[in-house]
Amino acid sequence: MSQYFDFAVIGSGVAGLRYALDVAKHGSVAVITKAEPHESNTNYAQGGVGSVLSPSDSVESHMHDTIVAGAYLCDEETVRVVCTEGPDRIRELMAMGASFDHGEDGNLHLTREGGHSHHRIAHVADMTGREIVRVLLKAVVNDPNISVFDHHFAIDLLTYQDCSDTICLGVDTFNTETLEVTTKFTIYYAQKSHYLHSITFTFLNFQAIRFISKVTLLASGGAGHIYPTTTNPLIATGDGMAMAYRAQAVISNMEFVQFHPTALADEGLPIKPTKSRENAFLISEAVRGAGGILYNLGMERFMPLYDERAELAPRDVVARSIDDQLKKRNEKYVLLDISHRASEKILSHFPNIAAECLKYGLDITRQPIPVVPAAHYMCGGVHARLHGETNIQGLYVAGEVACTGLHGANRLASNSIVEALVFARRAVQPSIDHMKSSKHDPSTSNLWGKPVVTSSLGSDAMDKILTMTRTIRKELQSIMWDYVGIVRSTTRLEFAEQKIGELEAKWEEYLFQQGWEPTMVGLEACEMRNLFCCAELVISSALSRHESRGLHYTVDFPNLEESKRLPTIIFPCSSVKSTWSSRQLHKQLMC
Amino acid sequence: MASNLCRLFSSSALKLTFSHTRSDQLTRSLSNSVNRLICSATQQPHPLEENPKQSHKQRLRKRISKTKARKKIKKTTNDYDDNGNFVNKATGEVGGPRGPEPTRFGDWEKNGRCCDF
């Protein structure tokens, strides 16, 4: 079943929604999102948006702060563009109804986050992301030209080669909701032994929908779930980065993964949560600021060994120290102790943590809190030029999935939403121009083989595949954390590369053994192949950087090298690898 | 006052044991009954707390006046503007989060939980 649109938007975070609203004035738009429309990384961003909104502030200052935080790996032109255009994008949001906090004088109340030299963060109490998504979603829902397809999982981009150019004409998706509607036919038959036997067939009745669009915007967000502990919601499995890579897009800077040093470690709680937490509960630096002390499980205070500022060292130093301790001692978490402070003070300043920990039997006024670093943001992604263009014609990117050059080797706080807004806006004009110069050809839809719509895998086989996929996913996350974490080394990275290659082969073999066909799709399986793809991109990028810069720290090259101050670029190539995860679904049968 | 009563009774109970040569059991049971008296005396409802003799309405009024008194104290230390929005005296922010500045340590903090950094 094919749907024809002028514009297809993959992802419903701030980038996707903002772009959809602008292009909707020029044509029909499909917003494709894999869960509920409001479910995105943006929704969880509660902090604020940073921009030059005060007369005493300047674009140069914002640029300087961004470049310093990015360890001088940022693209200067991109930084200039975002810092200059950011303020207008925020004012547009305000005009749309986002109620940013004001001061008594009537001006925007701007706060100052780590790394900023001026007060420039506009916020809505402490749920900025949610408010922005609310405002944008309301406008999107009311726009007659925009159709939202929620619970539609994007499988692969539809591309073809025209001489040396790759052109994108849409995306294949499937509806994950109707997948749950399975029809079970149970046939009873009696055998000689007079026992009643049964065979159950599970028909996967789901709809695969092919979107043919003149222009596609990829705004599918991050890939936090390649690591076991992450702040990202479950939807962040790097789908967009993987799809773009399979479609021969250029990927860059994947080695720069931002971690928060202290997230609540479920393994250390007295009463383990019954179901694993979807996104990590981050313990703020304020707890350390209020006197919290970090101990390893041997109750040794380790921070003074790494930095004279001890617990108040910069976050990346703390993250590295904790990671080092965990690897050296082969442990799962460290302890953050604030119980030596007065309990009324603790309860009045940190009621949220106290309540959350108490739920699992931990009293923070008496016991230390188990913490472990959590993956938070991907600074790298699909390589984008100044208007969100990629090397694939008709494909644009914006948001966390893109690598625009703004963040460099480390993202400055509150720069991600403003980057998404700016690039979503900048991609609009080129998209419209491209759209006007293309025509829909009804036969386009037949250029590619279709994903398998129904299949009759026994429910037994499906269960086995599901269980195996979940186990493999945990194994992948564990390898990534152990070998591609915060403190890296060439040996560990190479080991990870080998292990993950073997894991991928083992998983695919199992799948096909159980009867899975190459053009078959399923939510867990498709997410798994995307996770493998992203993990491999992170590892190969990390291996190629022979210096330590920003978020990428390796003990084999522990210093900054001026000559290596270049982005890491992964060019597409007709890969030697022929795994299921590394080829587009519609190309599976061609080899 | 009740604690003074306690001390009075216990000291006199002690005197009882020293000055008289009655059997231990008797003195013990006497001091026990005295203790029980003291205990029940201390369990008398505090004059400011709920007195079952008071009517329900009277108790309700007392509760309301107490909360109003509390709110008045709150209102004078942290202002509210004309629209009833909370105004942070230190930062001038209207309608923002109460308590310490969320970004005071660089990350965005609410009640100890960090949202971004």
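Residues numbered from 1 in each chain as written. Chains lettered and ligands numbered in written order. Predicted model: local features only at pLDDT ≥ 70, side-chain atom pairs only at ≥ 80, totals over all residues. Heavy atoms only, no water.

## Considerations on the overall build of chain B
Per the secondary structure count, chain B includes three helices and three strands. Going from the N terminus to the C terminus, chain B shows its helices and strands as α-α-α-β-β-β. For chain B, buried positions account for 20% of its 117 residues. Intrachain contacts of chain B at a sequence separation of at least 6 include 11% that bridge at least 24 residues. Accessible surface, chain B: about 9,100 Å² in total, of which carbon and sulfur atoms supply 56%. (Helix = DSSP H or I, 4+ residues; strand = E, 2+ residues; numbered from the N terminus. Buried < 20%, exposed > 50% of the residue type's maximum accessible area, 1.4 Å probe, protein only. Contact = heavy atoms within 4.5 Å. Areas by Shrake-Rupley, 256 points an atom, 1.4 Å probe, with all protein chains shown as cover.)

## Looking at the overall build of chain A
The secondary structure content of chain A amounts to 16 helices and 24 strands. Its C-alpha radius of gyration of 24 Å places chain A within 12% of the 25 Å reference for a compact globule of 591 residues. Dimensions of chain A, computed from C-alpha atoms along their principal axes, come out at roughly 75 × 65 × 45 Å. A buried classification covers 59% of the 591 residues belonging to chain A. With an accessible surface of roughly 23,400 Å², chain A has 52% of that area assigned to carbon and sulfur atoms. When the 55 basic and 68 acidic side-chain charges of chain A are each reduced to a single mean position, those positions are 2 Å apart. (Rg over C-alpha atoms; globule rule 2.2 N^0.38 Å. Lys, Arg positive; Asp, Glu negative; His and termini not counted. Charge placed at Lys NZ, Arg CZ, Asp CG, Glu CD.)

## A short note on the interface of chain A and chain B
Counting residues at the interface gives 40 residues for chain A, matched by 25 residues for chain B. Overall, the association of chain A and chain B removes approximately 2,800 Å² of surface from exposure, summing both partners, and the carbon and sulfur fraction of that is 55%. The shortest N-O distance in the salt bridge between B:Asp116 and A:Arg411 comes to 2.8 Å. Run the count over chain A and chain B and you get 15 residue pairs in polar contact (both at pLDDT 80 or more). (Buried area = accessible area lost by both parts, 1.4 Å probe. Salt bridge = Lys/Arg side-chain N within 4 Å of Asp/Glu carboxyl O. Polar contact = N/O pair within 3.5 Å; in protein donor to acceptor, adjacent residues only side chain to side chain.)

## Thoughts on the sheet that holds strand S5 (residues 110-111) of chain A
Residue and element names in this part refer to chain A. Ordered by their spatial adjacency, three strands build an open sheet running S3-S6-S5, and the pairing between neighbours is antiparallel. Two strands close off the open sheet at either side, each with one partner strand: strand S3 (49-50) and S5. With two bridges joining them, S3 and strand S6 (residues 121-122) adopt antiparallel strand pairing. Pairing of Gly-50 across the sheet is with Ile-121, part of S6. (Pairing = 2+ DSSP bridges.)

## Description of helix H1 (residues 14-23) of chain A
Extensive coverage of H1(A) is indicated by the burial of 10 of its 10 residues. Looking only at H1(A), the buried set comprises A:Val14, A:Ala15, A:Gly16, A:Leu17, A:Arg18, A:Tyr19, A:Ala20, A:Leu21, A:Asp22 and A:Val23.

## Digging into the pattern of salt bridges
All chains considered together, the criterion is met by 37 salt bridges over all chains. Measuring nitrogen to oxygen at the nearest pair gives 3.0 Å for the salt bridge that ties A:Arg565 to A:Glu562.

## Focus on the environment of A:Phe153
Residue and element names in this part refer to chain A. Tracing the backbone shows Phe-153 in strand S8 (residues 152-162). The exposure class assigned to Phe-153 is buried, which follows from its relative accessible area of 0%. The sequence separation of Phe-153 and Ala-35 amounts to 118 residues, and the corresponding C-alpha distance is 8.0 Å.

## With respect to the confidence of the model for chain B
Residue and element names in this part refer to chain B. Within chain B, residue pLDDT values average 60, and 34% of them lie at 70 or more. Helix H1 (residues 2-19) is the least confidently modelled element of chain B, averaging 42 in pLDDT, while strand S2 (residues 108-110) averages 86, the highest of any element. The low-confidence segment residues 1-23, where pLDDT is below 50, has eight contacts with residues more than four positions distant or belonging to other chains. The model gives residues 37-50 a pLDDT under 50, and that stretch makes seven contacts with residues more than four places away or in other chains. (pLDDT = per-residue confidence, 0-100.)

## Overview of the sheet that holds strand S13 (residues 251-252) of chain A
Residues and elements named next belong to chain A. Strands sit in the order S21-S18-S13-S24 across an open sheet of four strands; the sheet is mixed. Looking at strand neighbours, the two that pair on one side only are strand S21 (402-403) and strand S24 (569-570), the edges of this open sheet. Here two bridges tie S13 to strand S18 (residues 381-383), and the two strands are oriented antiparallel to one another. Note that in S18 the partner of Ser-252 across the bridge is Gly-381.

## Here's the deal with the side chain of A:His116
Tracing the chain through its elements places A:His116 in the loop between S5 and S6. Among the polar contacts listed, one links the side chain of A:His116 to the side chain of A:Arg120, at a separation of 3.0 Å.

## Notes on the environment of A:His152
Residue and element names in this part refer to chain A. For His-152, the location among the structural elements is in strand S8. A relative accessible area of 6% means that His-152 is categorised as buried. Not counting chain neighbours up to four residues away, the residues in contact with His-152 comprise Ile-32, Thr-33, Lys-34, Thr-173, Phe-174, Asn-175, Ile-209 and Phe-211. In terms of polar contacts, His-152 uses its side chain to reach the backbone carbonyl oxygen of Asp-150, at 2.9 Å.

## What to know about the packing of helix H6 (residues 239-246) of chain A against helix H16 (residues 523-544) of chain A
When two helices pack together, their arrangement is given by the angle between the helix axes and by the axis-to-axis distance. Residues and elements named next belong to chain A. In contact at an axis separation of 8 Å, H6 and H16 are set at 75 degrees when each is read in the N-to-C sense. Taken together, the axes of H6 and H16 are roughly perpendicular relative to one another. Contacts from Asp-239, Met-241, Ala-242, Tyr-245 and Arg-246 of H6 reach H16 at Glu-527, Arg-529, Asn-530, Cys-533, Cys-534 and Leu-537. Counted by class, the contact of H6 with H16 contains six nonpolar, one polar and four charged residues. (Axes fitted to C-alpha atoms, helices over the stretch in contact; angles between N-to-C directions. Parallel < 35°, antiparallel > 145°, perpendicular 65-115°, else oblique. Nonpolar A, V, L, I, M, F, W, Y, C, P; charged D, E, K, R; others polar.)

## A word on the packing of aromatic side chains
Residues and elements named next belong to chain A. If you walk through the whole model with that rule in mind, you get 12 aromatic pairs over all chains. Between Phe-5 and Phe-211, the aromatic rings sit 6.0 Å apart at their centres with planes inclined by 35 degrees, giving tilted as the arrangement. Note that Phe-5 is positioned in strand S1 (residues 2-10) and Phe-211 in strand S12 (residues 208-218), a separation of 206 residues in sequence. Comparing Phe-5 with Phe-211 shows no difference in burial state: the two are buried. (Phe/Tyr/Trp six-rings, centres within 6.5 Å; stacked < 30°, edge-to-face > 60°.)

## Some remarks on the environment of A:Ala374
All names here are of chain A. Within the secondary structure, Ala-374 is located in strand S17 (residues 369-378). For Ala-374, a relative accessible area of 0% gives the class buried. For the pair Ala-374 and Leu-137, spaced 237 residues apart in sequence, the C-alpha to C-alpha distance is 29 Å. Setting aside residues up to four positions removed in sequence, Ala-374 forms contacts with Thr-229, Thr-230, Thr-231, Gln-258, Phe-259, His-260, Ala-263, Ala-280 and Leu-282.

## Some points on the nonpolar core
Generally speaking, a soluble globular protein has its nonpolar side chains buried in company with each other. Membership of the largest hydrophobic core comes to 110 residues, with the highest contact counts inside it found for A:Tyr227, A:Ile369 and A:Met480. Residues A:Leu21, A:Cys83, A:Val133 and A:Val418 belong to the second largest nonpolar core, which totals 53 residues. (Core = buried A, V, L, I, M, F, W, Y, C linked by side-chain atoms within 4.5 Å.)

## What to know about empty space enclosed by the protein
Within this structure, the stated rule accounts for one cavity of 30 Å³ or more. Taken as a whole, the largest cavity spans an internal volume of roughly 30 Å³. As for the largest cavity, its lining consists of A:Thr111, A:His123, A:Ala125, B:Glu93, B:Pro97, B:Glu101, B:Pro102 and B:Trp108. Classifying every residue of the lining of the largest cavity gives four nonpolar, two polar and two charged. (1 Å grid on protein atoms, 1.4 Å probe; cavity = no way out; pocket = protein on both sides within 12 Å on 5 of 7 lines; lining within 4 Å. Points joined across faces, edges and corners; volume = space filled by probe spheres on them.)

## Quick notes on the pairing of strand S9 (residues 165-175) of chain A
Residue and element names in this part refer to chain A. Among the 11 residues of S9, 10 are classified as buried, and the element is accordingly described as predominantly covered. When S8 meets S9, the two strands line up antiparallel, connected through 10 bridges. If you follow Ala-154 over to S9, its bridge partner there is Thr-173. Counted along the chain from S8 to the antiparallel partner S9, the turn is two residues long, and its residue Cys-163 has a positive phi close to 55 degrees. Taken together, the two bridges between S9 and strand S19 (residues 392-393) define a ladder with parallel strand orientation. Residue pairing in the sheet places Thr-166 in a bridge with Ile-392 of S19. Bridge count for S9 against S12 is five bridges, and the pairing is antiparallel. Residue pairing in the sheet places Val-171 in a bridge with Phe-211 of S12.

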